[in-house]
Amino acid sequence: MGRRLATAVHLEHPKTHELLILQPGDEPDEDVAEAITNPDAWEPEEVTGDDQQETPTVTDPGPEPEPEPVPEPEPVPEVEPEAPVKPAAKTRARKATGEQ
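Residues numbered from 1 in each chain as written. Predicted model: local features only at pLDDT ≥ 70, side-chain atom pairs only at ≥ 80, totals over all residues. Heavy atoms only, no water.

Can you help me understand the overall build of the protein chain in this one?
Across its full length, the protein chain carries two helices and two strands. For the protein chain, the succession of helices and strands along the chain, N to C, is β-β-α-α. A total of 100 residues make up the protein chain; the buried ones form 11% of that total. Within the protein chain, residue pairs in contact and separated by at least 24 positions form 34% of the contacts whose partners lie at least 6 positions apart. (Helix = DSSP H or I, 4+ residues; strand = E, 2+ residues; numbered from the N terminus. Buried < 20%, exposed > 50% of the residue type's maximum accessible area, 1.4 Å probe, protein only. Contact = heavy atoms within 4.5 Å.)

Structure below.
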């Protein structure tokens, strides 16, 4: 069984050069079919049980889920620098007591 046309085709027979008008559903001879180069003119080929190959089924996974928000790290408390220790101030109390 030959391929079937999906659309009407106007062409010149490759051997007899007569004008041919082929209708949708027609199955032209092999030499005429070779002259029809537009792939859209043909019906999709039917797959028979012998020719049938297992093809993986592709399913639409749908839209990608939104990524979960990344939690912000907790702020590290700022550590205030320690003030330098000042040496103890000399007091005048010694002088007042009379010590020298």
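From this point, things continue past the structure.
Mind showing me how you'd approach the pattern of salt bridges here?
Where charged atoms of side chains with opposite charge meet at close range, the side chains can pair. Within the structure shown, the criterion is met by two salt bridges. Here Arg4 and Glu27 are joined by a salt bridge, their closest N and O atoms 3.0 Å apart. Here Arg4, found in the segment before strand E1 (9-12), pairs with Glu27, found in the loop between strand E2 (19-22) and helix H1 (30-35); they are 23 residues apart in sequence, far enough to count as distant. Residue classification places Arg4 among the partly exposed residues on the basis of a relative accessible area of 39%. A salt bridge links Lys15 to Asp31; its shortest N-O distance comes to 3.9 Å. Of the two residues, Lys15 sits in the loop between E1 and E2 while Asp31 sits in helix H1, which places them 16 residues apart along the sequence. Judged by its relative accessible area of 62%, Lys15 falls in the exposed class. In this structure Asp31 comes out as partly exposed when scored by relative accessible area, which is 23%. (Salt bridge = Lys/Arg side-chain N within 4 Å of Asp/Glu carboxyl O.)

I tried to follow the pairing of E1 on my own but got confused; where do I start?
When a strand is regular, its side chains alternate between the sheet's two faces. Side-chain alternation along E1 places Val9 and Leu11 on a buried face and His10 and Glu12 on a face that remains uncovered. With four bridges joining them, E1 and E2 adopt antiparallel strand pairing. Within E2, the residue paired with Leu11 across the bridge is Leu20. (Pairing = 2+ DSSP bridges.)

Hey, could you run me through unusual backbone geometry in this one?
The general pattern is negative phi for most residues beyond glycine and trans for most peptide bonds. A positive phi angle is found at His17, which is not glycine, with a value near 60°. Taking relative accessible area as the criterion, His17 reaches 54% and is therefore assigned exposed.

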